[in-house]
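Secondary and tertiary structure notes
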Amino acid sequence: MADSSEELQQRLERVLLGGRRKYTRLEVAEKAGVPDDRSRRLWRALGFATVRDDEVVFTDADVEAMRTADQLVQSGLIDPSIEVSVTRALGQHLSRLAEWQVDMLWQLITEHPELGGSERQIARLVDRLLPELEQVQNFVWRRHLAAYAGRALAAPDEHLETRTEVVGFVDMVGYTRLTRQIDEEELSRVLDAFETLATEVIAEHHGRVVKMIGDEVLFVADAPVDAAEIALTLTERTSAAETLPSVRAGMASGRILSRFGDVYGSVVNLAARLTSVARPGTILVDRELAAELAEEKAYELKPRRPVTVRGYNRLRPAALRRAPETPTGMFASSQELAAEMLGLTEPKPQMPDNEDPSTEELGNAPFSRAAHRRRRRRS
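Residues numbered from 1 in each chain as written. Predicted model: local features only at pLDDT ≥ 70, side-chain atom pairs only at ≥ 80, totals over all residues. Heavy atoms only, no water.

Notes on the packing of helix 2 (residues 25-32) against helix 3 (residues 36-45)
Between helix 2 and helix 3, whose axes approach to 9 Å, the crossing angle comes to 115°. As the angle between them shows, helix 2 and helix 3 are arranged roughly perpendicular. Crossing handedness for the pair helix 2 and helix 3: right-handed. Contacts from Arg25, Leu26 and Ala29 in helix 2 reach Asp36, Ser39 and Arg40 in helix 3. Its residues placed into classes, the contact of helix 2 with helix 3 shows 2 nonpolar, 1 polar and 3 charged. (Axes fitted to C-alpha atoms, helices over the stretch in contact; angles between N-to-C directions. Helix = DSSP H or I, 4+ residues; strand = E, 2+ residues; numbered from the N terminus. Parallel < 35°, antiparallel > 145°, perpendicular 65-115°, else oblique. Left-handed = near helix turned anticlockwise from the far one by under 90°. Contact = heavy atoms within 4.5 Å. Nonpolar A, V, L, I, M, F, W, Y, C, P; charged D, E, K, R; others polar.)

Written out as structure tokens, the structure is:
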């Protein structure tokens, strides 16, 4: 190629950074009217390497960005106490987006060599694509703003950071073993297929992806039924897909702290612990979520033995399944018994000693008598 790599880098920088590098950090702070120590904190929070005070690495766009950030704080939109946290969250999310976009660009050039016949052509390609990427990002950002704003207005009395939601993890089973058996290209296809499926199913059932953690997806949902459908559908569709491993899931319901796109709290930890003890193809839920789903006839809840995991002693989870056709006879009674064992329903009134159990419906008799004997022993 006729142009040197250094010249290409300089051209790309001018395109991406909006001009030539011509300021030091101290000069940016001075021109933007921002104190030196504050500009240093914000630069680090964005995830950029620390630069020497005499290094000329900044552009006019950096000055304008610093000035705009200061105006947001001065206007009261961003509280000064969380300025660095907001900046850090912005830097972390956008750095991942930038990494993906660069990978996408080089894959495009690799598959279509005519687009990158020279380094000058690559620079022109980036210059042409950048406005389109910005337009798409702006559209997606505004759509998410509209969705979250609508949700906030729908529940004006609810605090946006702390709320009651269902938290769920869905984890691919045998992922570590899988990484030792396939190459990087095949692993990439598996991860892409799982992420695509998870994103589609969660969106379809009104949930929100918090983050993908390699072989695992963390999601939240406002409604217990939506969360149940997400976990069940993901389990069913991964089982039906020949190219995907089976999954397991854990879900819990309660108050969470939502902060800069992530979620925190004991409910999140509980859902993660339930996932760790779930068997392949199984969905475990905590008692709170089981109680919320107990009246939903579309699902079946089966109590599991108490388990002890890190931070929790003798958890009493229930396995969530789709209910078969409307149960009758002994099956109906078994579901009632399971709900009673979980503490989700009130025990039936104790049968008088002189009442003949044989007058009960035949299909219910074995379970009703067993429950009756347990109640008598407790009394």
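Some words on the confidence of the model for the protein chain
Mean pLDDT for the protein chain: 78, with 78% of residues reaching 70 or above. Mean pLDDT in the protein chain bottoms out at helix 13 (residues 365-378), which sits at 36, and peaks at strand 6 (residues 283-285), which reaches 96. (pLDDT = per-residue confidence, 0-100.)

Examining the pattern of salt bridges
Tallied over the full model, the rule gives 17 salt bridges. For Glu236, the salt bridge is made with Arg322, and the minimal N-O distance between the two is 2.5 Å. Here Glu236 is found in helix 9 (residues 224-240), whereas its partner Arg322 is found in strand 10 (residues 318-322), with 86 residues between them in sequence. On the basis of relative accessible area, Arg322 is assigned to the partly exposed category, the value being 32%. Through salt bridges with shared partners, a single ionic network connects Arg25, Asp36, Arg40 and Asp53. (Salt bridge = Lys/Arg side-chain N within 4 Å of Asp/Glu carboxyl O. Buried < 20%, exposed > 50% of the residue type's maximum accessible area, 1.4 Å probe, protein only.)

Description of the environment of Phe194
Within the fold, Phe194 resides in helix 8 (residues 184-204). When its relative accessible area of 0% is taken as the criterion, Phe194 is described as buried. In this structure, Phe194 is in contact with Val170, Met172, Met212, Asp215, Glu216, Val217, Leu244 and Val247, ignoring residues within four places of it in sequence.

Some words on a nonpolar patch on the surface
Together, Val136, Phe139 and Val140 give the surface a local cluster of nonpolar side chains, amounting to about 270 Å² of exposed area. Along the polypeptide, Phe139 turns up in helix 6 (residues 119-154). (Patch = residues over 30% accessible without salt bridge, like charges linked within 9 Å, V, L, I, M, F, W, Y side chains within 5 Å. Areas by Shrake-Rupley, 256 points an atom, 1.4 Å probe, with all protein chains shown as cover.)

Here we look at a positive patch on the surface
On the surface, a cluster of positive charge is made up of Arg279, Lys302, Arg304 and Arg305. Among the secondary structure elements, Arg304 is positioned in the loop between strand 7 (299-303) and strand 8 (307-309). Classification of Arg304 as partly exposed rests on a relative accessible area of 33%. (Lys, Arg positive; Asp, Glu negative; His and termini not counted. Charge placed at Lys NZ, Arg CZ, Asp CG, Glu CD.)

Notes on the nonpolar core
In globular proteins that are soluble, nonpolar side chains generally tend to be buried together. Counting 35 residues, the largest nonpolar core has Val170, Met251, Ile283, Val285 and Leu320 as the members making the most contacts within it. Broken down by element, this core gets its largest block of residues, 8 residues, from helix 8. In contact with Val170, not counting residues within four places along its chain, are Phe194, Asp215, Glu216, Val217, Phe219, Leu234, Val247, Arg248 and Ala249. Among the nonpolar cores identified, the runner-up in size contains 19 residues, and Val220, Val267, Leu270 and Leu315 belong to it. (Core = buried A, V, L, I, M, F, W, Y, C linked by side-chain atoms within 4.5 Å.)

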